[in-house]
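What follows is the residue order along each chain.
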Amino acid sequence: MAEGQVRDDKSMMKDNLNQLEAAYEIIKTHKLISLDEKKNVIEILRHPKRLVRVSLPVLMDSGVINVYEGYRVQYNDARGPFKGGLRYHHEVDEDEVTSLAFWMAIKCAVADIPMGGGKGGIVVNPKELSSAELERLTRALARALAPVVGPNVDVPAPDVYTTPQMMSWFKDEYSKYVGKETPAVITGKPMEDGGSLGRDKATGLGAVYTLEAYLTQTAQSEKEITVAVQGFGNAGLHFAELAHPNWKIVATSDSKGAIYNEAGLDIKALIEHKEKTKSVIDFPGAKNITNEELLALEVDVLVPAALNSVITEKNWESIKAKTILEIANGPVSLPESEKLFRKGTTIIPDVLANSGGVVVSYFEWDQNMKNEHWELNDVNAKLKEKIVTAFTTLWETKEKYSLDLRTAAYVMAVARILEAEAKRN
Ligand code: NAD
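Residues numbered from 1 in each chain as written. Predicted model: local features only at pLDDT ≥ 70, side-chain atom pairs only at ≥ 80, totals over all residues. Heavy atoms only, no water.

Participant: It is not clear to me how helix α6 (residues 202–217) should be interpreted in this structure. Could you clarify?
Facilitator: In this model, α6 (16 residues) spans 22 Å end to end at C-alpha, consistent with the 22 Å of a helix rising 1.5 Å per residue. The buried count for α6 comes to 13 of 16 residues, which makes it a mostly enclosed element. Trailing α6 by a residue or two, A219 shows a phi angle of about 55 degrees, which is positive. (Helix = DSSP H or I, 4+ residues; strand = E, 2+ residues; numbered from the N terminus. Expected span 1.5 Å × (residues − 1). Buried < 20%, exposed > 50% of the residue type's maximum accessible area, 1.4 Å probe, protein only.)

So, in structure tokens, the structure goes:
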């Protein structure tokens, strides 16, 4: 997962709350749902439901005990159990995890999966720990969170620097705590231990389905589409690989730099090159460029799939792509998002474009709950259905109320969560 994701998130919750208020105004003005305004149900969404802070004593290989700090924020579960990742990073803090938990509630509601929003993490640099120490740390986290998670309560998943192996350890420790094998307590597990087929590529594939739906909607599906993808990690690589037959990927990048070939990159050969050389740069036939140059390329679709806040007040004017597909979380800062919208750029927001991962996580949970294994084709077909349905509703909301797609996504999600809250309060 991308390291930069866990930085400069202090103001993220403020942005989230501003978006919440803006969405609520639109919901009220257009009477999107029937609400007893005197009850002020919206107030519930302004606060996380539960915030857990834990101290995790871990026996290190040296024989010393270190104590690590961990968090789990359970923001809202009106639509179903809390759902969201666990990240291991030295800059994890309460504000960041709270904002991300709110985000997950919005994302699950946009995709219309019956899950709420949660997020957690440990303040640790996992690169400094041995595998045995990471196992003891993860098991300590599972024991500490066991009273407040569970298949019908809160279902974590991998995130920044957490792996399927860690999900497996968490599941095992939780199962010991409750006295029975409980795979549905966590998703993102290895295939051999209750994971789902299709989870590894789900974010990239979900983004491909989102772009397909957008191009069909805007009558561009027959056109040759050029694409630049920033980031060639889990999300960006799989997006590029799966998008390759449909569209011309002319540029991509990683932390070492970017490459460009006007005639299109051979993605299969590029994956081999990256495996061999550990970077995309110096790919035969392509020109090395900088990440800034990649962002400013004249392409039809720009796909930021690396870090948050890569399009900001410093560089937004140089963006020439007419469409931005946000695979990274928050790659376009909010004020610039509005400026680009006014300039005529379409931003397909992260809360839909990268929701493939959480949708297939939900499918993993569903399979575990039913003790089933679905075929890959079934998983992908169900994912496509979810994404296309979400996109169609999003587009209708945007058209009906003359909104940009990001605002429309918040309107859709907040209306759904408020409706659920209103029924129970
Ligand atoms: P990753 O760590 O696997 O890949 C990140 C990529 O970005 C790498 O290729 C890295 O070299 C590149 N990168 C790092 N710094 C860069 C820089 N300064 N300029 C250009 N490239 C740089 O991470 P990932 O899992 O692919 O996640 C990427 C983004 O997508 C993150 O914002 C993440 O939150 C979001 N996301 C991922 C998933 C998922 O399932 N993987 C799901 C939802 C959202």
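Participant: Help me out: how do you make sense of the sheet that holds strand β1 (residues 50–59) in this one?
Facilitator: Sheets are built from strands paired through backbone hydrogen bonds, the pairs being either parallel or antiparallel. Read from one edge to the other, the open sheet built from five strands follows the order β1-β2-β4-β3-β5, with strand pairing classed as mixed. Of all strands in the sheet, those bounded by a partner on one side alone are β1 and β5 (154–158). Averaged over all adjacent pairs, the angle separating strand axes in this sheet is 20 degrees, with direction ignored. Looking at chain direction, strand β2 (residues 65–76) and strand β4 (residues 116–122) are connected through six bridges and run antiparallel. Its bridge partner lying in β4, Q74 is registered against G118. Contacts from helix α3 (residues 94–110) reach β1, β2, β3 (82–88) and β4, with the element oriented near 150 degrees to β4. (Pairing = 2+ DSSP bridges. Axes fitted to C-alpha atoms, helices over the stretch in contact; angles between N-to-C directions. Contact = heavy atoms within 4.5 Å.)

Participant: I keep staring at the layout of surface pockets and nothing clicks. Help me out?
Facilitator: Regions of empty space are outlined by a rolling probe, equal in size to a water molecule, passed over the atoms. As a volume, the second largest pocket reaches approximately 390 Å³. When contributions to the lining of the second largest pocket are tallied by element, the ones reaching two or more residues are α1 (12–29), α10 (334–343) and α14 (405–424). In terms of residue count, the dominant contributor to the lining of the second largest pocket is α1 (four residues). Split into classes, the residues belonging to the lining of the second largest pocket amount to six nonpolar, nine polar and six charged. (1 Å grid on protein atoms, 1.4 Å probe; cavity = no way out; pocket = protein on both sides within 12 Å on 5 of 7 lines; lining within 4 Å. Points joined across faces, edges and corners; volume = space filled by probe spheres on them. Nonpolar A, V, L, I, M, F, W, Y, C, P; charged D, E, K, R; others polar.)

Participant: Is there a simple way to explain the nonpolar core in this structure?
Facilitator: One broad trend across soluble globular proteins is that nonpolar side chains are buried collectively. L211, V227, F239, W247, L325 and V414 are the most contacted members of the largest nonpolar core, which totals 75 residues. Each residue touching L325, except ones within four places of it in the same chain, is listed here: A207, T210, L211, F239, V301, L302, V303, P304, I348 and A353. (Core = buried A, V, L, I, M, F, W, Y, C linked by side-chain atoms within 4.5 Å.)

Participant: I tried to follow the packing of α6 against helix α13 (residues 376–401) on my own but got confused; where do I start?
Facilitator: Packed helix pairs are specified by the crossing angle of their axes together with the interaxial distance, meaning the distance between the axes. As a packed pair, α6 and α13 sit with axes 9 Å apart at the nearest point and diverge in direction by 45 degrees. In terms of orientation, α6 lies oblique with respect to α13. Once α6 is placed against α13, the crossing between them reads as right-handed. Contact with α6, carried on its side by A202, L205, G206, Y209, T210, E212, A213, Y214 and Q217, involves N380, L383, K384, I387, F391 and W395 of α13 and no other residues of that element. A breakdown of the residues in the contact of α6 with α13 according to their chemical character gives nine nonpolar, four polar and two charged. (Parallel < 35°, antiparallel > 145°, perpendicular 65-115°, else oblique. Left-handed = near helix turned anticlockwise from the far one by under 90°.)

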